[in-house]
Structure formats: C-alpha cells, structure tokens
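Coordinate inspection notes
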Number of protein chains: 2
Amino acid sequence: MSLKSNPYIKLNGGDFLYHLGIDTSQVNCKEIFHDVKFVCLGGSTNRMLKFAKFINENLNGNSEEPYNYAYKTDRYCLYKTGPILIANHGIGVPSLSVLLNEIFKLLFYAQCSDVIFIRLGTCGGIGVEAGTVVITDNVVNGELEPIFSYVSIKLGKRINITTTVDADLVREIYDHSSQNNSFTIVRGTTCSVDCFYEAQGRLDGALCDYTEEDRKQFFEKLQRNGVKNLEMESLGLFSYCHRAGYKAAMIAVALLNRLEADEPTSNIDMLKEWESRPFYTVLNFIRSKLDIV
Amino acid sequence: MSLKSNPYIKLNGGDFLYHLGIDTSQVNCKEIFHDVKFVCLGGSTNRMLKFAKFINENLNGNSEEPYNYAYKTDRYCLYKTGPILIANHGIGVPSLSVLLNEIFKLLFYAQCSDVIFIRLGTCGGIGVEAGTVVITDNVVNGELEPIFSYVSIKLGKRINITTTVDADLVREIYDHSSQNNSFTIVRGTTCSVDCFYEAQGRLDGALCDYTEEDRKQFFEKLQRNGVKNLEMESLGLFSYCHRAGYKAAMIAVALLNRLEADEPTSNIDMLKEWESRPFYTVLNFIRSKLDIV
C-alpha cells in the first residue's frame, strides 16, 4: 500500500521522520498512534506542552506529564493524549510544512482515518478586541487572494494553490464554542502572511519604509474585506492539509487589536489567560465529537 | 537618533523585543551588547548552544555554561560570548525574519558598529560529498534567480529584492578556512527554498506528484548553474541583512550528497562531527578578524 499523495511512500518501507527524530522501523506507529483523530498544532513549544497537560486533565482526568515522542530532536515537540496528537510548528509556513509532511507520514504509517487538524494560534486582531477568539472561515494572502503561492515549492517552480476552508467544520466548532464559553468568539477571514513586522504593517520592526498613513490604509483595506485577524501559518495549514486529504481548522486568539497598537500592552497574566482561550474552544469541540459531555 | 532603516525606532524610546523576551527599558543593551562584532545564527537551539560553548572554550578558554538572554521565551535562544552574539532562527525565512528584525533593533539600541552576520547551517549538497563545507558565493531562489520574492512582505504587496553576496567577505572566510582545516571546503551557489521536501526534489515527503526523472532533471539544472547546496534560509539572510546595512555570510555543511539520496544515511556520530565543521570555519575567521592566532 502506498500513500495516496506520494506513491513512493510505502506502508512497510521503513522511514526516518527526520525532524521528529522518529524511526518507523524502531517505533510501532500503528500501535501507538492508530487511534489519533485530532492533530492540534501551535507555534510555541511551551504553549503546546501546556495544552497537552490541559487536555490530559480535562479530557482524561489525569495530571501525568505528557511524553514527548520527538524527544530525540529539538526542532519540534510531539505529545499524544487519548486520540489527540499535539505538536508545535514554530514560526511561519516553511517551518509548519516540515512538520506537516512528517505528521502526514506518521498518520499513514499508523493507518489512522478521519483525522482533523486544528491550529491553535495567537494573532493580531483587526477591529476585534484583545482576547477575542477568531475562527477562520476564509483565508487569504497579503494581497487578499485565497491563494498559497511560493516561488520555490515544487522542484523550484512556483505553484499556486487555491485555499478553501471547510464551512461545516467551522460551523460545528463555532456552535459548540459559543454555547459553552464566556469570552467572545467570532468567525471571519484570516490574512496569512510571511513576516511578523512589515507584512503585518507594524511600524516597530527594524525595517519600515512606509508611513503611518500607509499602515492605516492597509488596515482599512483589510477591514473592508472582512479580515478579522493577521497571522503567519494558516495559508500553509489549509493548503497542505487539503492536498494531503485532511480537514483543517484554525482557531486563534487576538492578543491585541492592531487598529490600536503594534505590540500587546496587556500584562503577562492577562496574555497567558487569553492564550488559553482557544484551548477551551478546542476542548468543547473535541468533547462533542467524542460524545463526552 | 533614529534607526536608519526605520525612522519610527528611536534610540531611547524603550522597546519590548517580543520574541526574544527582552525589554530594553529593563535591560541595559548598550552595556551588555555594545562590543558585539559578529552575530552567528543557525536553525537548531541545541546546535547553537553547542556552538556558544565551543566559542567559549576555544576563543575565551572558559567552560562556563553560556547565559541565555532570551530565557523568558521559548521561541529563540540568545547567547553572547565575547564579541559574538549567538542565536537560533528555527526553520525557514519567516522564522528567521522575526529573529533578524529583533536582533537588528538590539544592535541599534546597543549602538554596535561593523557587525557581520554569519549563518552556520546544515544543507543538502549538490554534487559535493557529505561532510563538505560550502561557503555561499551566490544565492538564488528555486527558479535560479538571485531574487527574494514574497507575496506578503510589505503591507501585503509583493516585493522582489535582488540578493548579492559580499565577494570580499567570502574570499576572506575561504582563505582562512582552507588554510587551517582538514576537511573539504568549497565555494558555490546556494539554492534557497521554502520547503524541505518538494522544493528540494525529495521523493520521501508526504506530498510528491513528480517523478524520479523530474527530480533528476531538477538536480541536473542545479548543477549546470553552479549550485552546490540546497537549504531554506540564506535568501532571507542576505536580503534582510543587506536592507539593514549589515554584511552577511553563509557557511553550511552538506549532511549528504542529494544526487545520491534524500536523507542522510551516515551514522549519528558522523553527522554530529560534520555539524561541527562550520564551527571551525567560523572560529578561524573570527580569530583572524580579532587578530588572535
């Protein structure tokens, strides 16, 4: 049996998932990972460890320290708690793409089925208050096109991949979240870019040759087009998952309203509380899928 | 006084370097970082800690554990040993760009001058034996153009930045390296792409809709154009450093010859030894600049 998205990958071929440090000839992927139904991803290692503990406590009622399956490498972390695989993807699409390739292969070797990918992110809000959780129902690049386009993807050739978001999945996540949470949750378009500073119109990076007025006009354009948040990975998430045949969703909390500032001004405890809001959104959704109330 | 590449950044404005976790109103940047003359970067946290220890031992003769100035965050690490700043940048240009923006600002607040950036990488060699150290004398994207081009860099607009490599700096590093090292060092063109698998013609990613023959032709094209290695960050390194007014160099060790395989087949001890080869190349160069023999 071969992987559908790559006929060169055979089920029993043996493989070294290089950036996860997992040798499939040494690790019984099917035994360990076969029951995985959700892959939850986020940028930061510490935040994803915190999420693994959170899921452990809230879904499984245990407070064990999660085991890091990627312990042989410092590139990514990888936890599993029940049917949920949890990893960090670093910053930006290239870093995410390496992780996704290796997790797709892991799920294939484990012969998993019906797996849903969810990114739990932090983001800059556009016209939404800090602390708001945004569920992406549309994803665009910096030019506001729903296209993932890189010069150097396939054998050096540019490829454009049209991105779509699964409307049913968005509705399902939203319905369960808004019933059970006390904070504000909205749906909207996510603008996904390749840089934290210039691409997001910040005036406080090391490089800036545009003016405050340019920045203002950029944000107005984003607002006119229904953009609710800016971040750096969702375009890659939706494109890669779609190509590999997986459903994906993106849930991010706004750490600030970018119409008001370039950097979060809230205190660290408040930011930490906000960072954990997508945890509850995902927990509610997973509970509903697993029929645990 | 303002930063030349961004007039909004003032010397005494106070700044929170968010992804480094450094608050310039709490940390005396000038006192700590003013003597920095070299910024050495690499992808992996562990490798850069190892490099910081290596420099500490070989340049300063001490075996102290380096202090991580970015200890408040898990995004990057940041060490300083003598006039050398050492950090990891993660995988890919977006991750590198966040780090560079914040280091450029740090150097500005510290009022440093004549700083040289050096990336110590690992890479896939093109027609060079595993273990060979490649010093980049030309950098191109996957389409073999010396252009850094992203859809979403500046306020959502695509910008193309022509990249150039400092020929004098390449010569200087090469001359000092080849005199003092026992391993093979070559100069050549680096092809810098946004993905580890498809963009580098690997057949062992989760996604592959090209054939072995396509892969062969891609590598032949790279060879005809003088490409000696493939990696994921140098296009961003040269572009961002040039825009910020810094010289940059790129030294990477080939962990395999991509004409022969997709993944390293050598044993882990051999790979570790190879990974440290750029350490010696950089050490020799820095010694020569500091007039320590």
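Residues numbered from 1 in each chain as written. Chains lettered and ligands numbered in written order. Predicted model: local features only at pLDDT ≥ 70, side-chain atom pairs only at ≥ 80, totals over all residues. Heavy atoms only, no water.

Within chain A, the regular secondary structure consists of eight helices and 14 strands. For chain A, the C-alpha radius of gyration of 19 Å lies close to 19 Å, the compact-globule estimate for 293 residues. With respect to the principal axes defined by its C-alpha atoms, chain A has extents near 60 × 45 × 35 Å. By the burial criterion, 63% of the 293 residues in chain A qualify as buried. At a minimum sequence separation of 6, the contacts of chain A that also span at least 24 residues come to 75%. (Helix = DSSP H or I, 4+ residues; strand = E, 2+ residues; numbered from the N terminus. Rg over C-alpha atoms; globule rule 2.2 N^0.38 Å. Buried < 20%, exposed > 50% of the residue type's maximum accessible area, 1.4 Å probe, protein only. Contact = heavy atoms within 4.5 Å.)

Of the two same-sequence chains, chain B is brought onto chain A (RMSD 0.0 Å, axial shift 0.0 Å) by a rotation of 180 degrees. Interpreted geometrically, this transformation is the action of a two-fold axis. (Least-squares fit on C-alpha atoms with pLDDT ≥ 70 in both.)

With 109 residues, the main nonpolar core has L41, F51, I103, L107 and F117 of chain B as its most contacted residues. A total of 11 residues in this core trace back to one element, the largest contributor, which is helix α3 (residues 93-109) of chain B. Setting aside residues no more than four positions away along its own chain, L107 of chain B makes contact with V36, V39, L85, C112, V115, F117 and Y246 of chain B. Ranked by size, the runner-up nonpolar core spans 108 residues in total, among them C29, I55 and Y174 of chain A together with V193 of chain B. (Core = buried A, V, L, I, M, F, W, Y, C linked by side-chain atoms within 4.5 Å.)

Before going further, it helps to spend a moment on the domain arrangement of chain A. A common way to state how big an interface is: give the accessible area lost once the parts meet. Residue and element names in this part refer to chain A. In terms of domains, chain A is made up of domain 1 (9-114) and domain 2 (121-293). Here domain 1 and domain 2 have C-alpha centroids that lie 23 Å from each other. Facing 24 residues of domain 1, the contacting portion of domain 2 comprises 24 residues. Summed over both sides, the interface of domain 1 with domain 2 buries roughly 2100 Å², with 80% coming from carbon and sulfur. Looking at the side of domain 1 facing domain 2, the largest losses of area belong to R47, V93 and F104, adding up to 27% of the total buried there. For the pair domain 1 and domain 2, the interface holds one salt bridge. Elements with a minimum of two residues in the side of domain 1 that touches domain 2: β5 (38-42), α2 (45-60) and α3 (93-109). Residues belonging to the side of domain 1 that touches domain 2 are distributed by class as follows: 16 nonpolar, six polar and two charged. (Domains from an automatic or database assignment. Buried area = accessible area lost by both parts, 1.4 Å probe. Salt bridge = Lys/Arg side-chain N within 4 Å of Asp/Glu carboxyl O. Nonpolar A, V, L, I, M, F, W, Y, C, P; charged D, E, K, R; others polar.)

A separate point is the confidence of the model for chain A. For chain A, per-residue confidence averages 93 on the pLDDT scale, and 97% of positions sit at 70 or higher. Interface scoring of the predicted complex returns ipTM 0.96; its pTM is 0.96. (pLDDT = per-residue confidence, 0-100.)

On the chain A side, the residues contacting the 69 residues of chain B number 69 residues. Overall, the association of chain B and chain A removes approximately 6000 Å² of surface from exposure, summing both partners, and the carbon and sulfur fraction of that is 56%. Inspection of the chain B/chain A interface yields two salt bridges. Between R243 of chain B and E198 of chain A there is a salt bridge, and its shortest N-O distance comes to 2.5 Å. The interface formed by chain B and chain A contains 26 residue pairs in polar contact (both at pLDDT 80 or more). Where the side of chain B that touches chain A is concerned, the elements lending two or more residues are β2 (6-10), α2 (45-60), α3, β10 (147-154), β11 (157-162), α5 (212-224) and α6 (234-244) of chain B. Per element, the largest residue contribution to the side of chain B that touches chain A is eight residues, and it comes from α3 of chain B. Here the residues of the side of chain B that touches chain A are counted per class, giving 30 nonpolar, 21 polar and 18 charged. (Polar contact = N/O pair within 3.5 Å; in protein donor to acceptor, adjacent residues only side chain to side chain.)

Residues and elements named next belong to chain A. Two elements, strand β1 (residues 2-3) and strand β2 (residues 6-10), share two bridges in a ladder whose sense is antiparallel. Of the residues in β2, the one forming a bridge with S2 is K10. In sequence, β1 turns back onto β2 through a hairpin of two residues. (Pairing = 2+ DSSP bridges.)

Attention now moves to the pattern of salt bridges. All names here are of chain A. All told, the structure shown has 30 salt bridges over all chains when counted by the stated rule. Here R258 makes a salt bridge to D262, at a shortest N to O gap of 2.8 Å. Exposure remark for R258: the relative accessible area of 0% places this residue in the buried category. For D262, a relative accessible area of 11% translates into the label buried. Ionic contacts of the salt-bridge type, sharing partners, join the residues R119, E231 and E233 into one network.

Residue and element names in this part refer to chain B. Even without glycine at this site, D114 takes up a positive phi of about 55 degrees. Looking at the secondary structure, you find D114 in the loop between α3 and β8 (116-125). For D114, a relative accessible area of 67% puts it in the exposed group. Phi angles above zero are rare outside glycine, and L144 is one such case at about 65 degrees. Among the secondary structure elements, L144 is positioned in the loop between β9 (133-140) and β10.

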